[in-house]
Amino acid sequence: MAECSFGLIGKGYVILASDSTAARSIVKMKENEDKIKALGPNLIMATGGEPGDTIQFAEYVERNLRLYHIRHNHTLRPSSAAAWIRRTLADSLRSRNPYSVNLILGGYDHTTSTPNLYWIDYLGTMVDIPFAAHGYGAYFALSTLDRFHDPEATLEEGLETLKKCIREVEKRLIVSLGKFKVKIIDRNGMREIEL
Amino acid sequence: MARRYDSRTTIFSPEGRLYQIEYAMEAISHAGTVLGVLATDGVVLAAEKKVTGKLLDLSVAKEGGYGGSGEKIFLLNTNVIAGVAGLTADANSLINYARSAAQRHLFSYNEDIPVEQLAQRLCDLKQGYTQFGGLRPFGVSLLYAGWDPHYQFQLYHSDPSGNYSGWKATCIGANNGTAQSLLKQEYKETVSLEDAIGLVLRTMSKTMDSTSLSSEKLEFATLTVDPETKRPVAKIYRPTEVDALLAKHGLAKAEDPESNQMQSRDGLLVTR
């Protein structure tokens, strides 16, 4: 509830950011929860939604992608991993107990040397887009990104745009979300940074 | 002596052999040759057709069709073609399975199945038939020629045991020993597609049973990548294209002199 995540693409990189609050009802349990799971050396996924489902699904995806890597000696490209993840969510929707998880998937495709970003919701809707957001914060961040996003921006410029989004959410969302965890993927792999 | 252990595939002989699999490979050694060569910019497959004759209706083959000319070389997916040697009916069953496997992968991952994975799927199926079920193995060997973004151009060979391996140049079916040694001598890793085509045609002409090459006895295919779209292109040559290719490489069947002669009534030969 009130979880917020963003993703944006720049020149040769993709940034994912997620709030780090773990809360239940009126109680804030933790302030440094990592909601962005590493699915491989070139793929990360920010999850949000039903508590429990989020971790269960993220781990399920991570283990299956890892199995693929071990069996076939190469990792799935971000586009193929996204297709598999989306298919899994869509199948789950048509089962007795669907996963209620929203995702943002960011990765670097080494076969085409381009960054990829996917927005997936719990229904299995998927779009391949230059910037994305989930949660209440999306209502504010998407307008900011519409105005300031540049797909050819350098990493510094991209991070500045991200900071604008976070400031906007801090200012306008009634709930305080605290610090955001930020992860970047480029051709050198994944790293986490402090804003 | 061996007879007692060869009636069911699921049994080892005392010497540790699986006779049914060996017998399957024996069947394949009588089948039409299939040759594959890996070049830097493509893969070439050629095959000798055994089912020919005047009464054969090849009208479908002449127009091409989605799956190719239909006896030896088949399209498995946009990025993989296969040449088969052995029992035709078994081959058709495996081709169908391979095509389904390729589409299942596309369904789950929205990408063309990597070539090695397709070979593995078929091999897993073939291996199953050697271990349980009590059914005979598939009497087919396949050569897979394909491209994927992970490992680029590849050539694989699989046999009835369910074993497979990657090759730079290889041959299955009749006279494969001769062809293999010819390839060993002449093959170079830096070979271009054009030169590979020449190498394949020359090797085929030396190992095939018939006296000369023509589209009647030869099936030919290439797997390349379109330089603009960067996507794989599978081309299974139509009979007219095969003849044109043979003519270009100087291997076309010479005009049979006797068919051009007419006998006149007084017994003197008249050339047309």
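Bear in mind the structure is a predicted one, so any value in this text is a computation, not a measurement.

Participant: How should I be thinking about the interface of chain A and chain B in this particular structure?
Facilitator: Contacts between the two partners involve 13 residues from chain A and, on the opposite side, 13 residues from chain B. A combined buried area of about 1100 Å² lies between chain A and chain B, and 54% of that area is made up of carbon and sulfur atoms. Of all residues in chain A, A:His74, A:Arg77 and A:Arg87 give up the largest surface area on contact with chain B, accounting jointly for 38% of the area buried on that side. Our enumeration of links across chain A and chain B arrives at one salt bridge. Across the salt bridge formed by B:Glu111 and A:Arg77, the nearest N and O atoms sit 2.9 Å from each other. The interface formed by chain A and chain B contains six residue pairs in polar contact (both at pLDDT 80 or more). Ranked by residue count, the leading element in the side of chain A that touches chain B is helix α2 (residues 78-93) of chain A, at five residues.

Participant: I would appreciate a short explanation of the sheet that holds strand β3 (residues 73-77) of chain B in the present structure.
Facilitator: Strand pairing in a sheet takes place through backbone hydrogen bonds and is either antiparallel or parallel in direction. Residues and elements named next belong to chain B. Strand order across the open sheet formed by five strands is β3-β4-β5-β6-β7, with antiparallel pairing between neighbours. Each end of this open sheet is capped by a strand with a single partner; those strands are β3 and β7 (164-166). Taken pair by pair, the neighbouring strands of this sheet meet at an average axis angle of 25°, ignoring direction. Pairing of strand β4 (residues 80-86) with strand β5 (residues 140-148) involves seven bridges; the strand directions are antiparallel. Within β5, the position partnered with alanine 85 by the bridge is serine 141.

Participant: I tried to follow the packing of α2(A) against helix α3 (residues 88-109) of chain B on my own but got confused; where do I start?
Facilitator: If you want to describe how two helices pack, look at the angle between their axes and the distance between the axes. Across the interface, α2(A) lies against α3(B) with an axial gap of 6 Å and an inter-helix angle of 85°. Put simply, α2(A) runs roughly perpendicular to α3(B). Counted together, A:Ser79, A:Ser80, A:Ala83, A:Trp84 and A:Arg87 of α2(A) and B:Phe107, B:Ser108 and B:Tyr109 of α3(B) form the full contact between these two elements. Looking at the contact of α2(A) with α3(B), its residues break down into four nonpolar, three polar and one charged.

Participant: Help me understand the side chain of A:Thr88 in this model?
Facilitator: The residue A:Thr88 is located in helix α2 in this model. In contact with A:Thr88, other than residues within four places in its own chain, are A:Phe57 and A:Tyr60.

Participant: Can you help me understand the pairing of strand β9 (residues 218-225) of chain B in this one?
Facilitator: Looking along a regular strand, one sees side chains alternate from face to face of the sheet. Residue and element names in this part refer to chain B. Of all eight residues in β9, seven are buried; the element is thus mostly enclosed. When strand β2 (residues 42-48) meets β9, the two strands line up antiparallel, connected through six bridges. By the bridge assignment, valine 43 is partnered in β9 with leucine 223. The pairing of β9 with strand β10 (residues 232-236) spans five bridges and is antiparallel. Residue pairing for β10: threonine 224 is matched across the bridge by valine 233. In this antiparallel pair of consecutive strands, β9 and β10, the connection spans six residues, and lysine 230 shows a positive phi of 65°.

Participant: Where do I start with the sheet that holds β2(B) in this structure?
Facilitator: Residues and elements named next belong to chain B. Overall, antiparallel pairing links the five strands, which are arranged β8-β1-β2-β9-β10 in an open sheet. Strands with a single pairing partner mark the edges of an open sheet, and in this sheet they are β8 (169-172) and β10. Recorded for the sheet is a direction-independent mean angle of 10° between the axes of neighbouring strands. Packed onto the sheet, helix α5 (residues 176-186) meets β1 (34-39) and β8 and runs at close to 170° relative to β8. Along the sheet face, helix α7 (residues 239-248) touches β9 and β10 and points at about 85° away from the line of β9.

Participant: For this particular structure, what's the right way to read helix α1 (residues 19-28) of chain B?
Facilitator: For an α-helix, the turn length of 3.6 residues means that residues three or four places apart are oriented alike. Within α1(B), the full set of buried residues consists of B:Tyr19, B:Ile21, B:Ala24 and B:Ile28. Taken together, the buried residues of α1(B) touch β4, α4 (115-131) and β5 of chain B.

Participant: Any chance you could explain the packing of helix α3 (residues 138-148) of chain A against helix α4 (residues 155-172) of chain A here in plain terms?
Facilitator: All names here are of chain A. Look at α3 against α4: their axes get within 9 Å of each other, and the N-to-C directions meet at 145°. Taken as a pair, α3 and α4 cross one another with a handedness that is right-handed. Of the residues in α4, those touching α3 at Phe140, Ala141, Thr144, Leu145 and Phe148 are Thr161, Lys164, Cys165, Glu168, Val169 and Arg172. Its residues assigned to classes, the contact of α3 with α4 shows six nonpolar, two polar and three charged.

Participant: Just checking my understanding: could you explain the nonpolar core for this structure?
Facilitator: Nonpolar side chains tend toward joint burial in soluble globular proteins. Of all hydrophobic cores here, the largest spans 46 residues; its most connected members are B:Val37, B:Ile81, B:Ile197, B:Val200, B:Leu218 and B:Phe220. Residues in contact with B:Leu218, not counting those within four places in the same chain, are B:Ala46, B:Ala47, B:Lys49, B:Leu201, B:Met204, B:Met208, B:Leu213, B:Val242 and B:Leu246. Counting 23 residues, the second-largest nonpolar core is a separate cluster that includes A:Cys4, A:Phe131, A:Cys165 and A:Ile184.

Participant: What am I meant to see in a nonpolar patch on the surface here?
Facilitator: A cluster of nonpolar side chains, contributed by A:Ile26, A:Val27 and A:Met29, occupies part of the molecular surface with about 360 Å² of accessible area. Tracing the backbone through its elements, the reader meets A:Val27 in strand β4 (residues 27-30).

Participant: Please explain the packing of aromatic side chains as it appears in this structure.
Facilitator: The geometry of an aromatic ring pair comes down to the distance between the two centres and the angle between the two planes. In the structure shown here, the tally under the stated rule is eight aromatic pairs over all chains. Ring geometry for A:Phe6 against A:Phe180: centres 5.5 Å apart, planes inclined by 5°, an arrangement best described as stacked. Of the two residues, A:Phe6 is situated in strand β1 (residues 5-10) and A:Phe180 in strand β11 (residues 180-186); the sequence distance between them amounts to 174 residues. When sorted by exposure, A:Phe6 lands in the same class as A:Phe180, which is buried. Aromatic side chains A:Tyr68 and B:Tyr109 sit 5.5 Å apart centroid to centroid with 55° between the ring planes, which places their arrangement in the tilted category. Placement of A:Tyr68 in helix α1 (residues 53-72) and of B:Tyr109 in helix α3 is noted, with the two residues assigned to different chains.

Participant: Would you explain the confidence of the model for chain B in this entry?
Facilitator: As a general rule, the predicted coordinates of low-pLDDT regions are not to be interpreted in detail. Residues and elements named next belong to chain B. When the pLDDT values of chain B are averaged, the result is 87; 85% of them are 70 or greater. Across residues 257-264 the pLDDT falls below 50, and counting only partners more than four positions away or on other chains, this stretch makes 15 contacts in the model. Predicted complex metrics record ipTM = 0.86 and pTM = 0.87.

Parameters at a glance
Residues numbered from 1 in each chain as written. Chains lettered and ligands numbered in written order. Predicted model: local features only at pLDDT ≥ 70, side-chain atom pairs only at ≥ 80, totals over all residues. Heavy atoms only, no water. Contact = heavy atoms within 4.5 Å. Buried area = accessible area lost by both parts, 1.4 Å probe. Salt bridge = Lys/Arg side-chain N within 4 Å of Asp/Glu carboxyl O. Polar contact = N/O pair within 3.5 Å; in protein donor to acceptor, adjacent residues only side chain to side chain. Helix = DSSP H or I, 4+ residues; strand = E, 2+ residues; numbered from the N terminus. Pairing = 2+ DSSP bridges. Axes fitted to C-alpha atoms, helices over the stretch in contact; angles between N-to-C directions. Parallel < 35°, antiparallel > 145°, perpendicular 65-115°, else oblique. Nonpolar A, V, L, I, M, F, W, Y, C, P; charged D, E, K, R; others polar. Buried < 20%, exposed > 50% of the residue type's maximum accessible area, 1.4 Å probe, protein only. Left-handed = near helix turned anticlockwise from the far one by under 90°. Core = buried A, V, L, I, M, F, W, Y, C linked by side-chain atoms within 4.5 Å. Patch = residues over 30% accessible without salt bridge, like charges linked within 9 Å, V, L, I, M, F, W, Y side chains within 5 Å. Areas by Shrake-Rupley, 256 points an atom, 1.4 Å probe, with all protein chains shown as cover. Phe/Tyr/Trp six-rings, centres within 6.5 Å; stacked < 30°, edge-to-face > 60°. pLDDT = per-residue confidence, 0-100.

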